[in-house]
Structure formats: C-alpha cells, structure tokens
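As a plain string of letters, each chain reads:
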Amino acid sequence: MAEACGQGADLFVMPEYASAQWLSFAPPDLSPDREVPWMADQAPKALDAVRPLAAKHGMALLAGTMPWRLDEASADAPAEVNRAWLILPDGTIHAQDKLCLTPGEKDPLAWQLTVGHTLTLVRWRGLTVAIAICLDVELPALSAKLAPHAPDLLLVPSMTEKRAGFHRVNSCARARAVELQAAVLTCGCIGDAATGKPREGNTGGAAVYLPSEPELGHVGIAAETGLMAESDDAGPLLIHRLPFAKMAGLRAGGAEVWPGAWNAAAVNIAWAGDKPDNQA
C-alpha cells in the first residue's frame, strides 16, 4: 500500500480468498473441510490488523475476501460466508458477501459456505462503488439489478484455478463495463499457499476495464497484467488513473449507442414451434 500510495493511488484492491495464504501456517493436520472454519477463526484478527492501514496511507482498501462466521447461522446451512471488506480512510468499513457460490464452495468435503443476499452500494468521494466477487460478475441478472443505480466503479476480487475460469471472470468483467458504462477492476489470486499438501494452485492477474467507447480508447481494456500462474515476489502492482468524469458523461447520454431504445419490460419470449421437453 505504501508503494501504491507513493505512485498516487487512492484505492488498493486485493484478490478473493487473500486469506488462503493463512493456510501456510495452519495446523498441519487441518482437513479440507475444516479450512474454511479455521480461516473464519482468524478473520476478525486479520481485519483488525489491516483496518488501520486505510487511514495510515490515505487509501481505500478492498482487503480481498475471507470466510466470515455469521452471528446467526441456521442449522441447515454452513456458518460462514465468503465476505469482502472495503475499508475507507475515514475508518468506515463495508461488507459484501458473495452472492453466487461455485460448486467448490458448496462441497461438504472441502470448502462449504452459505450464500449472501444483499448487494451493497457504497458512496465514496462522490462515486458509487459496488463489489462483485468472482462468479458474481458472471451473472448478467445481477448487472441488470445494479444498472439503475449508475455505479461508477465495480470491484471484482477473484480466485480461479484454471485458465478458463480466469477468462470467464475477465471476459464478463469487460461486458459489465459496457453494460454499466463504468470502470471494472479485477484482481485474482496467483499461485497458492505453501502448505506442504497437494493443491491446485491459481491463475490470476489484475485488469482495468472501461466502456468500449471512442472517448476511452475504443477497446475497453485500459490496463492488464495478463494471466499469471506464479510469481517470485509479491506479485504485480497495477496502477491506473480512472476517467470517472468522462464515464459519467457517457452514462448521461454521450455514449455511442448505450443504452439504446427498447422496453425491457415489454419484451416477450416466443417459441417458433414446439418447446423442448426440458422447457416448462
């Protein structure tokens, strides 16, 4: 954060399950189904440790995500959610739970969590900021719910093992930038914790996506590290200045074709012929 602050950054973004690194000092006999509860035990201490850094460096901090134990857990659902924490320099803190879990996050033999239910919007420095954790950014329905609130910035922490997952997240993040006429920042885990146990590892990187508009350079890719499976140091630090005023102008009617003229509520789906058997 000190290095980023020295280069003029106002926001520092860490990846989904940044907490996975803690497994490098977890008990050696910790079974896969106990990793999430163990990380949730550490999470309050970790949050307390990083919380002062936002004020220290005068930067907002998205402290990745970590398993967080719910105060009131039901008997038929896991007690933990996958929670991101956005810490502002004035000490304000906001939580965002992952809304759509992967099969790996619903595995009773490994990482099992419960879903979140609320998408939180945060006002910061005159901007509207939202967080979509990994798979959440792949849901157009979620973007459709978000669009009427005109977000300026969407933060996407992620963890993906395979190249396909990395490209799903980043391709969908680019689509969300177009749909929302907003900046979308992605940050994914690279490698995995050194636990001494066989682990899949992660492929990730960081990127800044903007609406694909002539005023913003046409292509929608402002900056990106590319896909990385390992790093010898702390990993790449991607810094980019965001054109919020230009994007606000685009949303206000300056975009080339967005949002177009149509009535979503009036659009019906009609089958030309018989429906497939699997269609109700």
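Residues numbered from 1 in each chain as written. Predicted model: local features only at pLDDT ≥ 70, side-chain atom pairs only at ≥ 80, totals over all residues. Heavy atoms only, no water.

Peer 1: Summarise the sheet that holds strand β6 (residues 127-131); cite the residues concerned and give the values.
Peer 2: Read from one edge to the other, the open sheet built from six strands follows the order β5-β6-β7-β8-β9-β10, with strand pairing classed as mixed. At either margin of the open sheet sits one strand with a lone partner, and together these are β5 (122-124) and β10 (221-224). Ignoring strand direction, the axes of neighbouring strands in this sheet form an average angle of 20 degrees. In terms of strand pairing, β5 meets β6 through three bridges, oriented antiparallel. For V122, the partnering residue across the bridge sits in β6 and is V129. (Pairing = 2+ DSSP bridges. Helix = DSSP H or I, 4+ residues; strand = E, 2+ residues; numbered from the N terminus. Axes fitted to C-alpha atoms, helices over the stretch in contact; angles between N-to-C directions.)

Peer 1: Outline the packing of aromatic side chains, supporting the account with residue identities and numerical values.
Peer 2: We describe a pair of aromatic rings using the distance from one ring centre to the other and the angle between the two ring planes. Taken as a whole, this structure holds three aromatic pairs when the rule is applied. Pairing F25 with W38 gives two aromatic rings, centres 5.8 Å apart and planes at 65 degrees, and the pair type is edge-to-face. Taken as a pair, F25 in the loop between β1 (11-13) and α2 (32-57) and W38 in helix α2 lie far apart in primary sequence, 13 residues in all. Of the residues examined, F25 reaches a relative accessible area of 55% and is grouped as exposed. Judged by relative accessible area, W38 falls into the buried class, the value being 12%. Seen in terms of ring centroids, W68 and W85 are 4.9 Å apart; in terms of plane orientation they differ by 70 degrees. Their pairing is edge-to-face. Taken as a pair, W68 in strand β2 (residues 60-69) and W85 in strand β3 (residues 80-87) lie far apart in primary sequence, 17 residues in all. Look at W68 and you get buried, because its relative accessible area is 17%. (Phe/Tyr/Trp six-rings, centres within 6.5 Å; stacked < 30°, edge-to-face > 60°. Buried < 20%, exposed > 50% of the residue type's maximum accessible area, 1.4 Å probe, protein only.)

Peer 1: Please set out helix α4 (residues 163-180) residue by residue, giving values where relevant.
Peer 2: Taking 1.5 Å of rise per residue, 18 residues should cover 26 Å, and α4 covers 26 Å from first to last C-alpha, within 8% of that figure. Buried within α4 are the following residues: G165, F166, V169, N170, A173, R176, A177 and L180. Seen end-on, α4 carries its buried residues on one side only, within an arc spanning 125 degrees. For α4, the secondary structure elements touched by its buried residues are α3 (140-146), β7 (153-158), β8 (183-188), β9 (206-209) and α5 (244-254). Downstream of α4 by one or two residues, Q181 has phi in the positive range, about 50 degrees. (Expected span 1.5 Å × (residues − 1). Arc of directions from axis to C-beta. Contact = heavy atoms within 4.5 Å.)

Peer 1: Which residues make up the sheet that holds β2, and what are the values?
Peer 2: In space, the four strands of this open sheet follow the order β1-β2-β3-β4, with mixed pairing throughout. At either end of the open sheet lies a strand with only one pairing partner, and these are β1 and β4 (93-97). For this sheet the average axis-to-axis angle between neighbouring strands, irrespective of direction, equals 30 degrees. The pairing of β3 with β4 spans five bridges and is antiparallel.

Peer 1: Would you mind going over the nonpolar core in detail, with residue names and values included?
Peer 2: Note on soluble globular proteins: their nonpolar side chains tend to be buried together. Ranked by internal contacts, the top residues of the largest apolar core, which has 40 residues, are L86, L154 and L155. Judged by nonpolar contacts, the second largest core, of 30 residues, contains W22, W38, M59 and L61. (Core = buried A, V, L, I, M, F, W, Y, C linked by side-chain atoms within 4.5 Å.)

Peer 1: For unusual backbone geometry, give the residues involved together with the corresponding values.
Peer 2: The linkage connecting W258 with the following residue, P259, adopts the cis geometry, with an omega of 0 degrees. You can see P259 is positioned in the segment after α5. We note that Y17 has phi near 50 degrees; this positive angle belongs to a residue other than glycine. You can see Y17 is positioned in the loop between β1 and α2. Its identity is not glycine, yet Q181 carries a phi of approximately 50 degrees, on the positive side. Relative to the helices and strands, Q181 resides in the loop between α4 and β8.

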